[in-house]
Amino acid sequence: IRMTFSGDKTVVSMAAPARTVRLGCRSASMRDEFTGEKKFREEDIREDVWPRKIQTAGKYAVRIDWSDDHQSLFPYPLLEKVISGAGE
């Protein structure tokens with residue numbers, strides 16, 4: 001998954017494997033809402049998972065529908081952290 005940010009005079013583009021982004025999901029089915037603790041085993045997320053559909057959610061987030069029927073809502077700052085490798 002590739003993400004591009006545009007600033008005043010700067011354009012930054014980052015990319016990460018789809019599975020990395022899928023593992024970074026913070027939905028209630030994936031993480032405890034109070035502690036952030038994982039509620040899943042990484043080996044249960046297929047290596048070949050892919051985004052079926054990516055669309056904006058207002059001006060603050062991206063919604064991703066995954067090939068394993070999971071849905072993620074990533075606020076832009078979280079998506080940037082996950083893609084840049086700082087999403088743990």
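Residues numbered from 1 in each chain as written. Predicted model: local features only at pLDDT ≥ 70, side-chain atom pairs only at ≥ 80, totals over all residues. Heavy atoms only, no water.

Trainee: Please give an account of the nonpolar core that cites residues and values.
Mentor: Counting 19 residues, the largest nonpolar core has Val21, Ile45, Ile64, Trp66, Phe74, Leu79 and Ile83 as its most contacted members. Among the elements of the structure, α1 (18-23), β4 (61-66) and α2 (76-84) are those that each provide at least two residues to this core. Ranked by the residues each element gives to this core, the list is headed by α2, at 4 residues. Excluding anything up to four places from it in sequence, Phe74 contacts Val21, Gly24, Cys25, Tyr60, Ala61, Val62, Ile64, Leu79 and Val82. (Core = buried A, V, L, I, M, F, W, Y, C linked by side-chain atoms within 4.5 Å. Buried < 20%, exposed > 50% of the residue type's maximum accessible area, 1.4 Å probe, protein only. Helix = DSSP H or I, 4+ residues; strand = E, 2+ residues; numbered from the N terminus. Contact = heavy atoms within 4.5 Å.)

Trainee: With reference to specific residues and values, describe the environment of Pro77.
Mentor: With respect to the secondary-structure elements, Pro77 resides in helix α2. What makes Pro77 exposed here is its relative accessible area of 55%.

Trainee: Residue-level account of the side chain of Ser27, with values.
Mentor: Tracing the backbone through its elements, the reader meets Ser27 in the loop between α1 and β3 (51-57). For Ser27, a relative accessible area of 18% translates into the label buried.

Trainee: Can you explain the environment of Asp69? Please cite residues and give values.
Mentor: Looking at where Asp69 falls in the secondary structure, it is placed in the loop between β4 and β5 (71-75). Measuring from C-alpha to C-alpha, the distance between Asp69 and Arg31 comes to 17 Å, with 38 residues separating the pair along the chain.

By themselves, these figures tell us nothing about what the structure is for.
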